[in-house]
Amino acid sequence: MQQVWTTSSWKNKQITQQPVWPDIQSYERAVKQLSSLPPLVFAGEARQLTNALAAAAGGKAFLLQAGDCSESFADISADAIRDKLKVILQMAIVLTYAAGVPVVKVGRIAGQFAKPRTSATETVNGVEIPSFRGHMVNDDTPTLAARTPDPNRLLTAYHHSAATLNLLRAFTKGGFADLSSVHNWNLQFVASSPQGKRYETLANEIDRALKFMAACGISLSSEATLHQVDFWTSHEALILGYEEALSRKDSLTGDFYDCSAHMLWVGERTHQTDGGHIEFLSGIHNPIGCKIGPSTTQEEIVEICKALNPKNIPGRLTLITRIGANKVVKILPPLIKAVKDSGQSVLWACDPMHANTFLSDQGLKTRHFDDIITEIEGFFSVHEQQDTWPGGIHIELTGDAVTECLGGGQNISEEQLDHSYTTTCDPRLNAQQAIDLAFELATLLKRFVAYPTLAEGQ
Ligand code: PEP
Ligand code: CO
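The notes below deal with the structure included here. (Residues numbered from 1 in each chain as written. Chains lettered and ligands numbered in written order. Predicted model: local features only at pLDDT ≥ 70, side-chain atom pairs only at ≥ 80, totals over all residues. Heavy atoms only, no water.)

### As for the coordination of the cobalt ion (ligand 2)
In the first shell of the cobalt ion (ligand 2), the protein supplies Cys69 (SG), His354 (NE2), Glu396 (OE) and Asp426 (OD), at 2.1 to 2.4 Å from the metal. Read in sequence order, the donor residues for the cobalt ion (ligand 2) give the motif C-x284-H-x41-E-x29-D. In this pair, Cys69 sits in the loop between β1 (62–67) and α3 (78–99) while His354 sits in the loop between β11 (347–350) and β12 (358–359), placing the two residues 285 residues apart along the sequence. Taking relative accessible area as the criterion, Cys69 reaches 0% and is therefore assigned buried. His354 gets classed as buried once you look at its relative accessible area, which sits at 18%. (Donors = N, O, S within 2.8 Å, 3.2 Å for Na, K, Ca; no water. Helix = DSSP H or I, 4+ residues; strand = E, 2+ residues; numbered from the N terminus. Buried < 20%, exposed > 50% of the residue type's maximum accessible area, 1.4 Å probe, protein only.)

Next up, the structure:
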């Protein structure tokens, strides 16, 4: 018999990737407290994002989802948040201006504090300690004390998310994102680089276009879209006790929303259709993402679509493929075909990061910029063959001048990786690499927009 969905029905399913909380009473206290705190986002906002993603699913917009692999409690400063936002706004402007496609901007931000791990423990200096599971659970310092899960971190994650979101709302609605500020988004350390100069040229063109419109008598001050942007939050819905505690019933529709972020996604390790994560996400009404790895079968991908989007609502489900630079051209076509044949509406997005990670000779996790571009090119060419819209990109980046990914315009080498390697989890693109990527992407997208069947939308 089909069981009724509730915010806690996930507890009746197989649940993977959860921390072992040493003190269950403090855990219960923490989630109880979370459930009485105000929501971070509102149901109406989640519905607006679903509509924006529906436009992207229909070939009329492009999703840019970007941010840290794992946000750090130590990095919640106004400068760090502003710089991450600057890079995302810059990328969005490059894509919008160069390809003429509206960009839906979603951060991996204000809640991306939990990480799935391949193994539950690791051995450091001969001692077996729990793996780092994100600052919502434990600290990244490799000692037993730091790695022991602490439920008070769930509350800290909530408060850090609230502070981050508050600043993002102020930045995006309070003038900082005004189109007349395009020059100000160029980070100082990027401005003199070839990427920074290329961006500056584009920003000058935008200035000229705005002046031209004003000279034609168009009242720019009354056009709200020129002065503020919609910027949405997202994270992996991993720690289900936290997500349940932040779920609220919408008084307008009676539907449940997970009010910890506008969009939630389920990771490659937790998307079993009979598991707790899919059960939880199937019942909340936010837009949902699902990572799709190289071993996913045609049957699985269709099952995932049906489980997460039983009413087949456009914009509800984004499939984020992360297949690998050398496999995407072979593995993606049958997956797209299966979804098309099933009649399910999805937004296809490419995560070119997670299947292209390897260890450098010095033992640092890294990714090569060229592999990232190759996977994106493969993603675009497969969608072109399949006559489907390559509707988005999902990447890990930071506004800091880090050296975590190889290559790019600065041609970062393995020897340079440890110069500024500060990520608490996966290697991120730095601001210059991110802008480089946006220009490459814009070239691909421009070609696609000119493609005859898609020019009229799907
Ligand atoms: C991530 O997005 O950081 C991640 C762990 O991805 P995946 O689930 O695709 O491995
Ligand atoms: Co990651």
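Here the narrative resumes, following the displayed structure.
### Quick notes on the pattern of salt bridges
Enumeration according to the criterion identifies 18 salt bridges in this entry. Where Glu45 meets Arg169, a salt bridge forms, and the shortest distance between an N and an O atom there is 2.6 Å. One end of the pair, Glu45, is in helix α2 (residues 43–57); the other, Arg169, is in helix α5 (residues 152–173), and 124 residues separate them in sequence. Take Glu45: its relative accessible area is 14%, and that puts it in the buried class. Look at Arg169 and you get partly exposed, because its relative accessible area is 31%. Three or more residues joined by partner-sharing salt bridges are found here, namely Arg108, Lys365, Arg367, Glu396 and Asp426. (Salt bridge = Lys/Arg side-chain N within 4 Å of Asp/Glu carboxyl O.)

### Regarding the site of ligand 1
In the region of ligand 1, the neighbouring residues are Cys69, Arg108, Lys115, Pro116, Trp265, Gly267, Glu268, Arg269, Lys291, Arg322, His354 and Glu396. In the environment of ligand 1, an oxygen atom lies 2.9 Å from a nitrogen or oxygen atom belonging to the backbone of Glu268. Measuring from an oxygen atom of ligand 1, one finds a side-chain N or O atom of Lys291 at 2.8 Å. Protein burial of ligand 1: of its 300 Å² of free accessible surface, 98% is covered by the chains. (Near = heavy atom within 4 Å. Polar contact = N/O pair within 3.5 Å; in protein donor to acceptor, adjacent residues only side chain to side chain. Areas by Shrake-Rupley, 256 points an atom, 1.4 Å probe, with all protein chains shown as cover.)

### Description of the pairing of β1
Counting buried positions over the six residues of β1 gives six, a clear majority of the element. Burial along β1 is two-sided: Phe62, Leu64 and Ala66 and Leu63, Gln65 and Gly67, pointing in opposite directions, are all buried. Across six bridges, β1 lies against strand β2 (residues 103–108) in parallel orientation. Looking across to β2, one finds that Ala66 is bridged to Gly107. (Pairing = 2+ DSSP bridges.)

### Examining α2
A rise of 1.5 Å per residue sets the reference length of α2, with its 15 residues, at 21 Å; its end C-alpha atoms lie 21 Å apart and thus fit the reference within 8%. All buried positions along α2 are accounted for by Ala43, Glu45, Ala46, Leu49, Thr50, Leu53, Ala56 and Ala57. Seen along its axis, α2 keeps its buried residues to an arc of 150°; they face one direction. (Expected span 1.5 Å × (residues − 1). Arc of directions from axis to C-beta.)

### As for the nonpolar core
Counting 118 residues, the largest nonpolar core has Leu154, Leu319 and Leu437 as its most contacted members. Grouped together as the second largest cluster of nonpolar side chains are 14 residues, Leu49, Trp232, Met263 and Ile320 included. (Core = buried A, V, L, I, M, F, W, Y, C linked by side-chain atoms within 4.5 Å.)

### Comments concerning the packing of α3 against helix α7 (residues 194–215)
Running from N to C, α3 and α7 point in directions that differ by 60°, and their axes come no closer than 11 Å. For the pair α3 and α7, the sense of crossing is left-handed. Note on element contacts: α7 touches α3 through Tyr199, Leu202, Glu205 and Ile206, opposite Gln90, Ile93, Val94 and Tyr97. Looking at the contact of α3 with α7 residue by residue, the class counts come to six nonpolar, one polar and one charged. (Axes fitted to C-alpha atoms, helices over the stretch in contact; angles between N-to-C directions. Left-handed = near helix turned anticlockwise from the far one by under 90°. Contact = heavy atoms within 4.5 Å. Nonpolar A, V, L, I, M, F, W, Y, C, P; charged D, E, K, R; others polar.)

### Considerations on unusual backbone geometry
Positioned with a positive phi, Asn125 is a non-glycine residue whose angle comes to about 50°. Relative to the helices and strands, Asn125 resides in the loop between β3 (121–124) and β4 (127–130). When its relative accessible area of 79% is taken as the criterion, Asn125 is described as exposed.

### Digging into the sheet that holds strand β10 (residues 317–321)
Reading around the circumference, β1-β2-β5-β8-β9-β10-β11-β14 is the order of the eight strands in this closed barrel, with parallel pairing throughout. Neighbour to neighbour, the strand axes of the sheet diverge by 25° on average, direction disregarded. With three bridges connecting them, β11 and strand β14 (residues 390–396) associate as parallel partners. Bridge pairing in β14 links Trp348 to Pro390. Contacts from helix α10 (residues 298–308) reach β8 (263–266), β9 (288–292), β10 and β11, with the element oriented near 165° to β9.

### Quick look at the packing of aromatic side chains
A full pass over the atoms with the stated rule returns five aromatic pairs. Taking 5.4 Å as the distance between ring centres and 20° as the angle between the ring planes, the aromatic pair formed by Trp21 and Tyr27 counts as stacked. Each member of the pair Trp21 and Tyr27 is classed as buried. Between Phe171 and Phe176 the ring centres are 4.7 Å apart and the planes differ by 45°, which places this aromatic pair in the tilted class. Comparing Phe171 with Phe176, the two get one shared label, buried. Across the ring face of Phe439, the terminal group of Arg198 is positioned such that the distance to the ring centre comes to 4.1 Å. (Phe/Tyr/Trp six-rings, centres within 6.5 Å; stacked < 30°, edge-to-face > 60°. Lys NZ or Arg CZ within 6 Å of the ring centre and 35° of its normal.)

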